[in-house]
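Summary of structural features
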Amino acid sequence: MNAEPSIQSKLLDLAAVDAELTRIEHRRKVLPEEQEVRGLEAERTARKDEAVKVEISIDDLDRDTRKLEGEIDAVRKREDRDRGLLTGGSVGAKQLSELQHELTSLERRRKVLEDELIDVMEQREAASAAHDHAGANLDKAQDDLVDAERRRDDAVADLDVAQQRCESDRAALTGLFPAELLAVYDKQRLANGVGAALLQARRCGACRIELDRGEISRIGQTAPNVVVRCPECSAIMVRTKHSGL
């Protein structure tokens, strides 16, 4: 295959653009800003779970509080009824003794329930503080995520701009090459990542392998318009005065 040396040298410009496109594609896959967003999304989910867990605990404590308050109220009403009977003077000696015994039992029961209520209320207070803390953590995680998403979007936008520029440059360059040469270049690029590279100091710029003297001698005797390919990686080697020929 033949191509003018000036056209072959333009392959280096095309290879540089394609290398930049490859770097852009790789950066999209390993974008640090995207990794940060994913980490903060996981943290926000964890903080939200913590807040929900505390809310469930508060609901349980509130239910326990209502239950205890209802039981205490029922015991107090029973105490008031018994005291009314005791002071009314309408009961006999045997029922009087039973009422006094029941009042004692009711007082003990009420104190137990009141102690339980105090304990639940203390737990409710602690849970309320934990809920406030969990809410603050969730708000911070959400704010951090919003900031990270903004940085991610800015980084993606920068990559989009760079990619559009490279694609425009590539479109302008590809029109310079014969179809056959461009086809060989693209096939090699898709196969090994590099379609063309500079032959410099007897070394292929694509695979970085130094060619032996015999191969260098053969290439040196090849007409400048002949397209030369690396015997190791098959990339098109562009020859210049720095090629060591």
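The structure under discussion appears in the preceding block.
So, how was this worked out
Position numbers for residues start from 1 in each chain and track the written sequence from start to end. Where totals are concerned, whole chains, interfaces and linings use all residues; where local detail is concerned, this predicted model gives features only for residues with pLDDT of at least 70, and gives and counts side-chain atom pairs only at 80 or more. Side-chain measures here rest on the full set of heavy atoms in the structure, leaving out hydrogens and waters. Buriedness of a pocket was judged along seven lines, with at least five required to meet protein on both sides within 12 Å; pockets are open sets of points on a 1 Å grid over the protein atoms alone, cavities are sets where a 1.4 Å probe fits but cannot get out, and lining residues have an atom within 4 Å of a point. Grid points are joined across faces, edges and corners, and a volume is the space filled by probe spheres set on the points. What counts as a helix is a DSSP run of H or I of at least four residues, what counts as a strand is a run of E of at least two, and both are numbered from the N terminus. Any residue that is not Ala, Val, Leu, Ile, Met, Phe, Trp, Tyr, Cys, Pro, Asp, Glu, Lys or Arg is counted as polar, Gly included; the first ten are nonpolar and the last four charged. Axis definition: a line fit to C-alpha positions, over the contact stretch in the case of helices; interaxial angles, taken between N-to-C directions, run 0 to 180 degrees. Handedness of a helix crossing follows the sense of rotation of the near helix relative to the far helix, less than a right angle counterclockwise being left-handed and clockwise being right-handed. Contacts are assigned to residue pairs with any non-hydrogen atoms lying within 4.5 Å of each other. Each patch is assembled from residues with relative accessible area greater than 30% and no salt bridge, linking like charges that lie within 9 Å and nonpolar side chains (Val, Leu, Ile, Met, Phe, Trp, Tyr) that lie within 5 Å. Computed with a 1.4 Å probe, the accessible areas rest on the Shrake-Rupley method; for each residue, only the protein chains presented here act as cover. Take a side-chain nitrogen of Lys or Arg and a carboxyl oxygen of Asp or Glu: if they are within 4 Å of each other, that pair is a salt bridge. Counting rule applied: Lys, Arg positive; Asp, Glu negative; His and chain ends not counted. The location of each charge is read from NZ of Lys, CZ of Arg, CG of Asp or CD of Glu. Between the first and last residue of a helix there are one fewer steps than residues, each counted as 1.5 Å, and that sum is the expected span. Residues belong to a common nonpolar core when they are buried Ala, Val, Leu, Ile, Met, Phe, Trp, Tyr or Cys residues joined through side-chain atoms within 4.5 Å. Only protein chains enter the accessibility calculation, which uses a 1.4 Å probe; a residue whose area is less than 20% of its type maximum is buried, one above 50% is exposed, and one in between is partly exposed.

Examining the layout of surface pockets
- Counted as a void, the largest pocket has a volume near 190 Å³.
- A15, D18, A19, G193 and V194 are, among the 14 residues lining the largest pocket, the residues nearest its centre.
- Elements represented by at least two residues in the lining of the largest pocket include exactly α1 (5-29), α4 (179-192) and β1 (196-200).
- In terms of residue count, α1 provides more of the lining of the largest pocket than any other element does, 6 residues in total.
- Taken together, the residues that form the lining of the largest pocket break down as 9 nonpolar, 3 polar and 2 charged.

Description of the packing of α1 against α4
- Direction vectors running N to C along α1 and α4 enclose 35 degrees, while the axes themselves pass 12 Å from each other. Here α1 and α4 pass one another in a crossing that is right-handed. Two secondary-structure elements touch here, α1 through I7, L11, L14, A15 and D18 and α4 through L181, L182, Y185 and R189.
- Tallied by class, residues from the contact of α1 with α4 come to 7 nonpolar, no polar and 2 charged.

Here we look at a negative patch on the surface
- Together, D115, E116, D119, E122 and E125 make up a negatively charged patch on the protein surface.
- Within the secondary structure layout, E122 lies in helix α3 (residues 93-174).

Description of unusual backbone geometry
- In the Ramachandran plot, A201 falls in the positive-phi region, its phi being about 50 degrees despite a non-glycine side chain.
- Relative to the helices and strands, A201 resides in the loop between β1 and β2 (203-204).
- At R202, a residue that is not glycine, the phi angle is positive and equals roughly 65 degrees.
- Following the sequence through the fold, R202 ends up in the loop between β1 and β2.

A short note on helix α2 (residues 32-88)
- Here α2 spans 83 Å end to end across 57 residues, near enough to the 84 Å set by a 1.5 Å rise per residue.
- Just beyond α2, the residue with positive phi is G89, at close to 70 degrees.

Here we look at the nonpolar core
- With 22 residues, the main nonpolar core has L11, L14, F177, L181, Y185 and I236 as its most contacted residues.
- Residue assignment for this core shows that the elements contributing at least two residues are α1, α3, α4 and β4 (236-239).
- Ranked by the residues each element gives to this core, the list is headed by α1, at 6 residues.
- Residues within four places of Y185 in sequence aside, it is in contact with L11, L14, A15, D18, R170, G195, A196 and I236.
- In terms of nonpolar packing, the next biggest core, distinct from the first, is built from 11 residues, L61, I72, V75 and V120 among them.

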